[in-house]
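Structural description and commentary
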Amino acid sequence: MDYAAFLEQLPLLDDNWGGADVCPKSDRFQSILTQTEATVSATLLQALNAAVAAMEPEAVYCEIGCQGATFAGALLDHPERSAYAVNDFSAVSPEPSQRFTVFMEVLSAFNLEEQVLVCDQPFEEFFADLRSAETVDRIGVYFYNSAPDYRAQLMALLLVTPFLAEQALILLGNSATSAVQQASCDFRASHPQCRLLLEWESVTILHWDAATHQGDDWETLSRSRDHLLINFLADSGREFEIQRHRLETLYAEALTLHQAGYLPEARQMYQELLRWDGRNSEAWRGLGLIDHASGQLEAAYESLLKAVRYDGSQAVQHYSFGLVLEDLGRMTEAAWAYEQAIVLDPTYIQAYNNLGNLLLERRAMQEAEQVYRAAITACPEHFGGHLNLGNLLMTQNYVEQAIEAYTTALHLDPRNPDILHNLAAAHAAQNDPAQAALYYGDDCYQRGDYTAALGHYQIAIALQLSEDAYIGWAESHNCLKEREQAIEVYRESVRVLPQLPKLHLYLALALQEYGLTEEAIATATEALQHFPTDLGLQLVAWLSLPIIYQTQAEISVYRQRFITGLSRIVEGLVLETSEQKQQALAGLDRHTNFYLSYQGLPDRDLYVEYGQFVHRIMAANYPQCVEPLRMPPLTADRRIRVGYFSFHLENHNGARWALGWLQHHDRQSFNIHCYHAGRTGDRVTQQFQRYSDRFYHMPHDWEKLCEQVLADQLHVLVFPDIGMTPHMGTIAALRLAPVQCTAWGHPVTSGSPTVDYYLSSELMEPETGQDHYSERLVRLPNLGFSYPKPILPDTPKTRADFQIAETAIVYLCCQSLYKYLPQYDFVWVEIAQRVPHAQFVFLTQATTQVIAQFRQRVHQAFSTANLDSDAHCIFLPPQNHSNYLSLNLLSDVFLDSFDWTGGNSTLEAIGCNLPIVTCPSEFMRGRHSYGILHRLGVTETIAKDPQDYIELAVKLAQNPAWRQSIIKRMQHRLGDLYDDRVCVQGLEAFYRQVVENGG
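All of the points below concern the structure found in this document. Everything numeric in this text was worked out from a predicted model, so none of it was measured. (Residues numbered from 1 in each chain as written. Predicted model: local features only at pLDDT ≥ 70, side-chain atom pairs only at ≥ 80, totals over all residues. Heavy atoms only, no water.)

Thoughts on the overall build of the protein chain
- Helix and strand counts for the protein chain come out as 45 helices and 21 strands.
- Its C-alpha atoms give the protein chain a radius of gyration of 39 Å, more than 25% over the compact-globule value 30 Å for 999 residues.
- Principal-axis analysis of the C-alpha atoms gives the protein chain an extent of 125 × 80 × 55 Å.
- Every one of the 999 residues in the protein chain was classed for burial, and the buried ones make up 55%.
- Nonlocal contacts in the protein chain, meaning residues at least 24 apart in sequence, comprise 64% of its contacts between residues at least 6 apart. (Helix = DSSP H or I, 4+ residues; strand = E, 2+ residues; numbered from the N terminus. Rg over C-alpha atoms; globule rule 2.2 N^0.38 Å. Buried < 20%, exposed > 50% of the residue type's maximum accessible area, 1.4 Å probe, protein only. Contact = heavy atoms within 4.5 Å.)

Right, here's the structure in full:
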């Protein structure tokens with residue numbers, strides 16, 4: 001490269017060299033511009049031509065971001081020269097094919113097709129291909145005329161260096177911009193082989209000399225530095241990290257919405273993400289899956305094609321692509337996509353199964369069987385391979401082998417209706433109608449078709465007596481709310497199969513849940529004579545409590561019986577053999593002390609005794625899950641991982657209240673995981689999923705869910721409602737996270753040594769609150785939870801819809817019946833004596849037996865005062881939420897229960913402008929409404945004792961003006977009550993503190 005000759009020649013080729021209106025002396029280059037309708041200058045074309053003329057004979061010309069005119073100018077009169085033309089046409093033009101066609105037409109017009117190798121690709125990919133090809137070509141003139149941003153310019157310079165000739169010229173277009181100048185400066189500062197030759201006409205010309213390391217001196221480089229740009233780039237780097245986190249959060253939210261079924265909202269977020277990062281393969285996949293779900297197969301194809309193109313290293317991209325290809329009928333391509341997924345992830349069970357199913361549809365039996373057996377080898381613990389293998393074997397009439405495969409699959413997924421149905425069909429084919437009927441019954445039961453299940457179970461029992469068939473028959477009646485029929489089935493089962501202790505236990509439990517406590521105790525006690533070590537029967541026989549008490553004295557009797565029985569059970573626990581450990585664990589399976597706390601008495605010591613008893617059993621069975629855990633370090637995003645574990649992440653009072661915590665969490669600081677162990681899901685479940693970074697729903701498999709918790713390495717785990725279900729107490733007796741908490745979904749202590757904190761409310765807890773918990777008490781600000789304001793029905797019901805008198809003073813008594821203790825029945829009676837038109841409205845979400853017991857007690861209380869309870873008391877069945885709110889709107893006064901007050905119900909009553917009468921007790925569970933009214937700043941209706949309670953209830957009925965003033969003051973302060981963020985901030989401060997302190 002004779003660069004000196006090049007420099008000497010440039011002024012001789014132009015008129016007015018160095019002036020503002022420099023132009024070539026020859027009109028040859030102007031004619032190129034006219035012919036190509038290009039916007040570059042003739043001076044630039046002439047300079048390129050002179051540079052190519054100065055190259056060594058074997059060197060090539062390379063242009064990035066090429067235009068036809070610049071190539072025509074550079075190669076004019078140089079037919080011996082070769083060149084690379086590099087341009088990512090699809091990236092620079094909305095019509096890439098047209099842009100490419102125009103470029104090729106220019107090359108053809110100037111007879112350059114043989115000289116030029118056109119590379120339609122990003123320049124980074126072009127240089128990667130050159131490196132792979134190990135080319136001997138060396139670039140003598142390099143013209144970068146593409147994106148003028150700093151990174152592109154610098155990368156273009158860095159990537160070309162291995163391919164430059166010993167001496168070469170580098171031309172940078174758009175060099176009037178600060179970004180190009182700074183990129184050139186930084187490149188020269190780090191490459192002393194390169195120095196500035198010339199700056200002119202928005203073009204920078206650099207000289208590359210590989211043999212020298214005497215580039216520009218510091219003074220020259222310093223003059224080229226743009227400090228404003230450098231500072232901007234530094235600030236941009238910080239802003240970029242912030243933006244990257246925003247985009248990661250945006251994707252996480254989009255994925256959560258997608259998984260929860262909010263497809264339009266998820267689509268919008270994916271599209272927003274792609275506006276910022278058009279090569280984000282995960283966003284393209286999400287968009288493609290949404291299009292696929294909505295039947296837009298061509299759009300789904302295009303999106304998933306981009307997902308694979310931008311990141312073909314992920315098995316899930318190929319698998320998702322295969323799903324769309326399959327629905328498009330492109331089976332060969334779909335099979336190839338599934339094969340690619342398997343190559344990338346040999347444990348991708350869905351890809352195996354789909355590939356095998358494709359082969360099966362083609363009747364390629366041998367190949368399909370190979371795929372299914374490969375799936376079993378790769379994932380022996382997944383039911384899918386076994387199920388599909390069984391299906392294949394059934395098509396070949398290998399019934400015995402198919403049953404074996406199905407049985408293995410059922411062991412891995414015991415409640416899968418597809419497996420159950422296929423097992424039933426296989427047994428029917430094997431001429432085993434009793435077993436077929438049992439499996440058909442289980443299939444219908446798992447699908448929720450309980451009426452059909454009843455018929456199959458009855459057939460099974462008629463053919464062959466079976467414990468499983470009797471339990472399925474009875475539980476189907478239970479699911480249909482036919483409690484009496486379920487009890488009769490269990491009674492029959494113990495008559496014909498008395499040797500099976502499980503049937504005696506299930507009968508006793510059914511009697512207890514129905515409200516026949518004494519009969520339940522008698523049944524369990526009698527069974528213990530034959531099965532004296534059965535823990536399940538012991539728990540029913542010695543710890544059963546009535547749902548409804550008839551007298552206060554009855555509470556004392558049952559409580560003493562509970563205390564004695566618990567001591568007897570704890571002392572008799574033996575966990576020496578593997579069988580004893582497993583039997584003890586099975587005994588806990590159906591028991592909870594739920595009704596103990598509804599006696600209105602201090603329970604801490606009893607819960608601690610029972611909690612330690614459960615912990616002993618869990619430690620014996622899961623010794624690896626009870627040891628303390630070290631606080632895991634924060635990951636790169638610095639977010640604290642918090643989990644919420646419940647069987648009631650749905651529209652249920654046990655955990656619904658916690659939704660506000662998730663909704664208002666600072667997602668930049670906290671990574672939220674939810675673990676739903678309940679069988680069903682609903683709109684509230686979808687909301688939990690929407691507000692989670694990770695959401696797991698594993699019904700009936702709490703052990704697997706616990707394994708997931710451990711794998712997620714949480715910092716904090718919260719059980720919102722220990723005590724609501726039997727398994728919740730057993731799970732909480734394990735150590736799954738360094739810090740474990742419970743909260744007021746069931747507002748009593750867990751008593752478990754593995755639960756560290758109780759998350760409560762500063763407004764609800766008494767001064768002596770810590771004395772009531774085995775956990776360390778955390779008094780969160782205000783109410784301790786964030787509850788949404790209820791949305792009132794558009795068309796509320798009328799009093800006539802509920803058989804309520806128009807002239808009545810309506811006292812709403814909407815608590816569960818077991819909250820109403822007999823010692824307070826006189827309150828209703830005395831109110832009715834002073835408010836003759838009073839009507840007390842009760843909601844009876846209980847069995848017919850429990851309702852009858854409660855009504856009998858209420859009738860007795862009113863009869864003692866010569867009052868007709870039927871004239872004053874209305875018992876309504878359970879209502880849907882809209883009707884329930886209508887009932888609040890139609891009522892005059894909300895009468896709270898004693899010793900265990902309303903929580904969710906109080907908040908919804910206030911949202912319906914219903915004044916609250918409450919009387920706080922010494923325990924937090926009896927102070928919910930007290931705390932709510934204090935938060936509202938309306939405390940006049942908080943009673944000091946039951947007599948004061950009566951006075952307030954009567955005054956609200958007899959003084960409408962006072963009642964209205966209470967309502968107006970409540971309305972004025974509603975903003976303080978709902979959607980409270982302060983308590984969430986307090987919760988987050990607690991999380992930060994325990995993580996920082998290590999526990």
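Let us keep going from here.
Things to note about the sheet that holds strand β3 (residues 60-64)
- The sheet built from 7 strands is open, its strands ordered β5-β4-β3-β6-β7-β9-β8 with mixed pairing. With one partner strand each, in any of the chains shown, β5 (116-119) and β8 (194-200) form the two edges of the open sheet. Strand-to-strand twist across the sheet, computed as the mean angle between neighbouring axes with direction ignored, equals 15°.
- In this sheet, strand β4 (residues 83-86) lies alongside β3 in parallel orientation, the contact comprising 4 bridges. If you follow Glu63 over to β4, its bridge partner there is Ala85.
- Contacting β3, β4, β5 and β6 (139-144), helix α7 (residues 123-133) runs over the sheet at an angle of about 140° to β4. (Pairing = 2+ DSSP bridges. Axes fitted to C-alpha atoms, helices over the stretch in contact; angles between N-to-C directions.)

Observations concerning the packing of aromatic side chains
- Taken as a whole and judged by the stated rule, the model has 48 aromatic pairs.
- Seen in terms of ring centroids, Tyr622 and Trp702 are 5.9 Å apart; in terms of plane orientation they differ by 65°. Their pairing is edge-to-face. Residue Tyr622 is found in the loop between α31 (604-621) and β10 (640-646), and its partner Trp702 is found in helix α34 (residues 702-712); the two are separated by 80 residues along the sequence.
- The class for Trp702 is buried, based on a relative accessible area of 13%.
- Through pairs of rings, three or more aromatic residues link up here, namely Tyr644, Trp657, Trp661, Trp744, Phe785 and Tyr787.
- In this arrangement the basic side chain of Arg590 is found over the ring face of Tyr506, its NZ or CZ atom lying 4.5 Å from the centre. (Phe/Tyr/Trp six-rings, centres within 6.5 Å; stacked < 30°, edge-to-face > 60°. Lys NZ or Arg CZ within 6 Å of the ring centre and 35° of its normal.)

Some thoughts on the pairing of strand β11 (residues 670-676)
- Across the 7 residues of β11, 7 count as buried, placing the element largely inside the fold.
- Side chains of β11 alternate between two faces, with Phe670, Ile672, Cys674 and His676 and Asn671, His673 and Tyr675 buried alike.
- Looking at chain direction, β10 and β11 are connected through 7 bridges and run parallel. For Val642, the partnering residue across the bridge sits in β11 and is Ile672.
- Once you follow β10 into helix α32 (residues 659-664) and on to β11, the crossover reads as right-handed. (Right-handed = clockwise from strand over helix to strand, strands pointing away.)

With respect to the side chain of Thr725
- One can find Thr725 in the loop between β13 (716-719) and α35 (726-732).
- For Thr725, a relative accessible area of 16% translates into the label buried.
- Once residues within four sequence positions are removed from consideration, Thr725 is found in contact with Thr592, Phe647 and His648.

A short note on the packing of helix α14 (residues 297-310) against helix α15 (residues 315-327)
- Two elements in contact, α14 and α15, have axes separated by 9 Å at closest approach and are oriented at 155°. Here α14 lies roughly antiparallel to α15, going by the angle between them. As for how α14 packs across α15, the hand of that crossing is left-handed. Of α15, the residues touching α14 (which contributes Leu297, Ala300, Tyr301, Leu304, Leu305, Ala307 and Val308) are Gln317, His318, Ser320, Phe321, Val324, Leu325 and Asp327.
- Here the residues of the contact of α14 with α15 sort into 10 nonpolar, 3 polar and 1 charged. (Parallel < 35°, antiparallel > 145°, perpendicular 65-115°, else oblique. Left-handed = near helix turned anticlockwise from the far one by under 90°. Nonpolar A, V, L, I, M, F, W, Y, C, P; charged D, E, K, R; others polar.)

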